[in-house]
Amino acid sequence: VAFELMVKPREAQTQFMKALQLLESIDEISMTHEYGLVLGRLAICYQEQQMFTQAESLYQRQLSLLYKQPNVNAHEIAPVLHNLASNYERSGRIGQAIDIYGQALEVKMSDAVADPLELSTTMGNLGHCLCLNNEHRKALPLLEKSLVIKKRYLPEDHIDVATAFHRLSRCCEQLGDMQRAMQLCEEAVAIASHCLPHNHPRIAVYLSQLASCHYSNGNLEAAIGLQEQC
């Protein structure tokens, strides 16, 4: 299912729409857990096709169904909030993304059995959106915690660890801590260079960030050399 959602969202969309129609034809099925899951998966299909308004509507319906259930728990609500926030982020509605990521993080932190990596992802995404909104001081502790968790639970050369290093580096640069920003970005470049093809665009992004740090620190020669590698 995950593969179909990400690689063939249009084909998956057709199947999930058929599933919804079938469920809606059954008495009282529209309030069930299965119906909510199909709504959420169809929303992801729309989101992957940049049909953000349609995705938002389905996520909202899914949340409404969850909140009506008597025994709903944090483990069910948090992923839907996270997906809705991601939809806002990808459609450029950063203020709304910050609000919903914040709600998702609060719910996850109240869940005694929350997956630490999922918690880290929400922290990192919220921190990233705060940076986009020029709230770097609020973002800093979230990005730091996200990196700590990813380093603890993932292999040291995992690309998600590189992403966490890069996000924290950008935040530190904006706060004027150039030395730390360079060190963090060097870690991101090293990891990405190890686990990705040499011409992968993400490596170029990290090298460009490292060049920016050197430029801001007055090292023009190093900045030019790095930019030429991008």
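Residues numbered from 1 in each chain as written. Predicted model: local features only at pLDDT ≥ 70, side-chain atom pairs only at ≥ 80, totals over all residues. Heavy atoms only, no water.

**Student:** Would you explain the overall build of the protein chain in this entry?
**Tutor:** Counting its secondary structure elements, the protein chain contains 12 helices and zero strands. Reading the secondary structure of the protein chain in the N-to-C direction produces α-α-α-α-α-α-α-α-α-α-α-α. Counting over 230 residues, the protein chain shows a buried share of 45%. Of the contacts formed within the protein chain by residues at least 6 apart in sequence, a portion of 53% connects residues at least 24 apart. Looking at the protein chain as shown, the accessible area adds up to about 12400 Å², and 52% of this sits on carbon and sulfur atoms. (Helix = DSSP H or I, 4+ residues; strand = E, 2+ residues; numbered from the N terminus. Buried < 20%, exposed > 50% of the residue type's maximum accessible area, 1.4 Å probe, protein only. Contact = heavy atoms within 4.5 Å. Areas by Shrake-Rupley, 256 points an atom, 1.4 Å probe, with all protein chains shown as cover.)

**Student:** Explain the pattern of salt bridges here, please?
**Tutor:** Two side chains of opposite charge can pair, provided their charged atoms sit close to one another. For the structure on display, the rule yields four salt bridges. R90 is paired through a salt bridge with E48; the nearest N and O atoms lie 3.1 Å apart. In this pair, R90 sits in helix α5 (residues 74-90) while E48 sits in helix α3 (residues 33-48), placing the two residues 42 residues apart along the sequence. A relative accessible area of 38% means that R90 is categorised as partly exposed. Residue E144 is joined to R180 by a salt bridge in which the shortest nitrogen-to-oxygen separation is 2.8 Å. (Salt bridge = Lys/Arg side-chain N within 4 Å of Asp/Glu carboxyl O.)

**Student:** Explain the state of the cysteines to me, please; I cannot follow it from the model alone.
**Tutor:** Joining two cysteines, a disulfide is a covalent bond between their sulfur atoms. According to the stated counting rule, one finds zero disulfides in the structure shown. The closest cysteine sulfur to the non-disulfide-bonded C129 is located on C131, 9.3 Å from its own sulfur. The buried category is assigned to C129, whose relative accessible area is 0%. (Disulfide = S-S within 2.5 Å.)

**Student:** Help me understand a nonpolar patch on the surface in this model?
**Tutor:** A contiguous nonpolar surface patch, about 330 Å² in accessible area, is contributed by Y215, L220 and I224. Note on placement: L220 falls in helix α12 (residues 220-229). Residue classification places L220 among the partly exposed residues on the basis of a relative accessible area of 47%. (Patch = residues over 30% accessible without salt bridge, like charges linked within 9 Å, V, L, I, M, F, W, Y side chains within 5 Å.)

**Student:** How should the side chain of H136 be read in this particular structure?
**Tutor:** By secondary structure assignment, the location of H136 is in helix α8 (residues 136-153). Here H136 is in contact with L130, C131, C171, Q174 and L175, once residues within four sequence places are set aside.

**Student:** Any chance you could explain the packing of helix α10 (residues 178-195) against helix α11 (residues 201-216) here in plain terms?
**Tutor:** When two helices pack together, you describe them by how their axes are tilted relative to each other and by the distance separating the axes. Where α10 meets α11, the closest approach of the two axes is 9 Å, and the angle between their N-to-C directions is 160°. Here α10 is positioned roughly antiparallel relative to α11, judged by the angle of their axes. Crossing handedness for the pair α10 and α11: left-handed. Contact with α10, carried on its side by M178, A181, M182, C185, E186, A188, V189, A192 and S193, involves I203, Y206, L207, Q209, L210, C213, H214 and S216 of α11 and no other residues of that element. (Axes fitted to C-alpha atoms, helices over the stretch in contact; angles between N-to-C directions. Parallel < 35°, antiparallel > 145°, perpendicular 65-115°, else oblique. Left-handed = near helix turned anticlockwise from the far one by under 90°.)

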